[in-house]
Amino acid sequence: MRPKIAAGNWKMNGTQSALDELDALAGMLPGGSTQVVICPPAPLLIPAVARAGGIAIGAQDCHAAEKGAHTGDISAAMVADSGATHVILGHSERRVDHGESDADVSAKVDAAWAAGLTAILCLGESEADRVAGRTLDVIGAQLAGSLPDAARTENTVVAYEPIWAIGTGKVPTLEQIIEVHDFLRAALIDRFGAEMGDAIPLLYGGSVKADNAATIFEAENVDGALVGGASLKASDFAPIVAALAVS
Ligand code: PEP
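Every value quoted in this text rests on a predicted model; they were computed, and no experiment measured them.

Caption draft 1: Up close: the overall build of the protein chain. The helix and strand tally for the protein chain stands at 11 helices and 8 strands. Compactness check: the protein chain gives a C-alpha radius of gyration of 17 Å against a globular reference of 18 Å for 247 residues, within 12% of the reference. Expressed as lengths along the three principal axes of its C-alpha atoms, the size of the protein chain is roughly 45 × 45 × 35 Å. Taken over 247 residues, the protein chain has a buried fraction of 49%.

Here it is, written out as structure tokens:
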């Protein structure tokens, strides 16, 4: 039985007053075993942990190195020291805006694991890749290149996030989501064996909202969602969590 996970990526949004949304969210959660993770901007990690209640807190990135001359970066150990338990890695906004390669992402995932964090590894094709019929090739290459061999079930979550669906309001059809998630499941089983490959949670991300979440969660290999815009307000995110809890 894989865990159900609803993760919110606040991106570069929110100052300390945004933490009121965490309090509100904590009061709206359905209970049960669905895991909720909120990934606020780095300056909010420590106060978010202090106010999170049953909500796990994650970072949005970390550096691959343990420490050193990397102005502006934060290490995985710093993230863990804040009390956060998760870190998003390989988000397309990092891959595109910061030129992160699969090898860069893989090194960050290793660093996250070494610090005791759970990595939420993001993969996704561009619109051009999708139109050209290259989606599965791109996703397969990203998975092979950015998920290290030392993956374990307890510290690994994979999120399929088509770039063209992020923040656009465009959502793949359920059939397209099923195709990619089934492909990822098969690739994980092929690489790590049936038991582990079947146990790693797969999230869908890209314009998930309260009104489309239940449909997306119908897919057998969708174990939850990574949500951007609709995670900023508790009143938008709580219904997504609720839809996951009953899926
Ligand atoms: C994201 O950036 O991870 C994301 C899924 O964003 P949105 O939900 O806003 O499309």
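Caption draft 2: Broad picture of the environment of Ala107. Tracing the chain through its elements places Ala107 in helix H5 (residues 102-114). Separated by 41 residues in sequence, Ala107 and Pro148 place their C-alpha atoms 8.0 Å apart.

Caption draft 3: Spotlight on the pattern of salt bridges. Enumeration according to the criterion identifies 18 salt bridges in this entry. With a closest N to O distance of 3.2 Å, Asp61 and Arg94 form a salt bridge. You can see Asp61 sitting in the loop between strand E3 (56-59) and helix H3 (76-81) and its partner Arg94 sitting in helix H4 (residues 92-97), a full 33 residues away along the chain. Taking the shortest distance from any N to any O, the salt bridge between Asp129 and Arg134 comes out at 2.9 Å.

Caption draft 4: Quick peek at the environment of Leu89. Looking at the secondary structure, you find Leu89 in strand E4 (residues 86-89). Each C-alpha atom of the pair Leu89 and Gly206 lies 16 Å from the other, and the pair is 117 residues apart in sequence. For Leu89, the contacting residues outside a window of four places in its chain are Asp61, Cys62, Val105, Lys108, Val109, Ala112, Ala119, Ile120, Leu121 and Cys122.

Caption draft 5: Quick look at the environment of Ala219. Inspection of the secondary structure puts Ala219 in the loop between helix H10 (213-216) and strand E8 (224-227). Between the C-alpha atoms of Ala219 and Ala128, which are 91 residues apart in sequence, the distance is 25 Å. In contact with Ala219, not counting residues within four places along its chain, are Leu174 and Ile178.

Caption draft 6: Region of the structure containing the site of the ligand. Close contacts around the ligand come from 14 residues, with Lys11, Glu161, Gly167, Ser207 and Gly228 the closest. Take His91: an N or O atom from its side chain is 2.8 Å from an oxygen atom of the ligand. When the ligand sits alone it has 290 Å² of accessible area, and the protein chains cover 97% of it. Here the residues of the shell around the ligand are counted per class, giving 4 nonpolar, 8 polar and 2 charged.

Cut-offs applied
- Residues numbered from 1 in each chain as written.
- Predicted model: local features only at pLDDT ≥ 70, side-chain atom pairs only at ≥ 80, totals over all residues.
- Heavy atoms only, no water.
- Helix = DSSP H or I, 4+ residues; strand = E, 2+ residues; numbered from the N terminus.
- Rg over C-alpha atoms; globule rule 2.2 N^0.38 Å.
- Buried < 20%, exposed > 50% of the residue type's maximum accessible area, 1.4 Å probe, protein only.
- Salt bridge = Lys/Arg side-chain N within 4 Å of Asp/Glu carboxyl O.
- Contact = heavy atoms within 4.5 Å.
- Near = heavy atom within 4 Å.
- Polar contact = N/O pair within 3.5 Å; in protein donor to acceptor, adjacent residues only side chain to side chain.
- Areas by Shrake-Rupley, 256 points an atom, 1.4 Å probe, with all protein chains shown as cover.
- Nonpolar A, V, L, I, M, F, W, Y, C, P; charged D, E, K, R; others polar.

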